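The chain contents come next:
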Amino acid sequence: IKEAEIKEISKEIKKQVRDFDINEKLLSDLKALRSEIASEARVPAYIVFSDAALIDMCRKMPRNSAEFLEVSGVGKAKLERYGEKFLKIIRRYI
């Protein structure tokens with residue numbers, strides 16, 4: 001096995017461990033909210049937030065707007081548009 005392959009395998013294992021260490025119910029609730037918002041706006045769900053952003057929310061468990069901005073894929077516009085709705089769900093799990 002080449003060193004590059006070992007690094008790639010290691011990277012994948014670390015990702016799987018991180019993904020395993022999230023609350024699946026919270027992720028499900030966040031996906032449901034995302035689907036509801038996307039449906040109302042008539043846009044694909046990934047336009048609201050990607051799966052990676054939702055998983056990062058589950059990992060970071062932001063409690064306020066400043067912490068929500070630290071989530072991958074969240075900028076000022078998405079914070080203003082969706083932040084409080086997603087934070088409300090996250091707070092149920094804190």
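Coordinates for the structure precede this section.
Sequence positions are assigned chain by chain, starting from 1 and proceeding in written order. Residues qualify for local features only when their pLDDT is at least 70, as the model is predicted, and side-chain atom pairs are given and counted only at 80 or more; totals for whole chains, interfaces and linings, by contrast, use all residues. The side-chain quantities take in all heavy atoms of the structure and omit both hydrogens and water.

## Comments concerning the overall build of the chain
Next, step 1: When its secondary structure is counted, the chain shows 6 helices and 0 strands.
Next, step 2: The order of α-helices and β-strands along the chain, N terminus first, is α-α-α-α-α-α.
Next, step 3: Here the chain holds 94 residues, and the buried ones make up 31% of them.
Next, step 4: A fraction of 57% describes how many contacts in the chain between residues 6 or more apart in sequence connect residues 24 or more apart. Helix numbers and strand numbers start at the N terminus; a helix is a DSSP run of H or I with at least 4 residues, a strand a run of E with at least 2. Accessibility here uses a 1.4 Å probe with only protein chains present; expressed as a share of the type maximum, an area under 20% marks a residue as buried, one over 50% as exposed, and anything in between as partly exposed. Whether two residues touch is decided by their heavy atoms; if any such pair falls within 4.5 Å, the residues are in contact.

## Concerning the nonpolar core
Next, step 1: In this text, buried Ala, Val, Leu, Ile, Met, Phe, Trp, Tyr and Cys residues form a nonpolar core when linked through side-chain atoms within 4.5 Å. By size, the foremost hydrophobic cluster in this structure holds 23 residues, and its most contacted members are Leu30, Phe49, Met57, Phe68 and Phe86.
Next, step 2: For this core, the elements supplying multiple residues, two or more each, are helix H2 (24–41), helix H4 (51–60) and helix H6 (76–91).

## Some points on unusual backbone geometry
Next, step 1: The backbone phi angle of Arg42 is positive, close to 55°, even though this residue is not glycine.
Next, step 2: Here Arg42 is to be found in the loop between H2 and helix H3 (45–48).
Next, step 3: Phi is positive for Met61, close to 50°, though the residue is something other than glycine.
Next, step 4: Among the structural elements, Met61 can be located in the loop between H4 and helix H5 (65–68).

## Here's the deal with the side chain of Arg34
Next, step 1: Within the fold, Arg34 resides in helix H2.
Next, step 2: Looking at Arg34, the relative accessible area reads 9%, which means it is buried.
Next, step 3: Residues within four places of Arg34 in sequence aside, it is in contact with Ala45, Val48, Phe49, Ser50, Asp51, Leu54 and Phe86.

## Observations concerning the environment of Asp51
Next, step 1: Structurally, the position occupied by Asp51 is in helix H4.
Next, step 2: The class for Asp51 is partly exposed, based on a relative accessible area of 38%.
Next, step 3: Between the C-alpha atom of Asp51 and that of Lys31, which follows or precedes it by 20 residues, the distance is 8.1 Å.
Next, step 4: Those residues within four positions of Asp51 in sequence are excluded, and the remaining contacts are Lys31 and Arg34.

## Overview of the packing of aromatic side chains
Next, step 1: Pairing of aromatic side chains here covers Phe, Tyr and the six-membered ring of Trp, requires ring centres within 6.5 Å, and sorts the geometry by plane angle: under 30 degrees stacked, over 60 edge-to-face, intermediate tilted. This model, assessed by the stated rule, comprises 3 aromatic pairs.
Next, step 2: Arranged with centres 5.0 Å apart and planes meeting at 85°, the rings of Phe49 and Phe86 form a pair that is edge-to-face. With a gap of 37 residues between them, Phe49 in the loop between H3 and H4 and Phe86 in helix H6 connect regions that are remote in the sequence. Neither Phe49 nor Phe86 differs from the other in exposure class; each is buried.
Next, step 3: Ring pairing ties together the aromatic residues Phe49, Phe68, Tyr82 and Phe86, which thus form one cluster.

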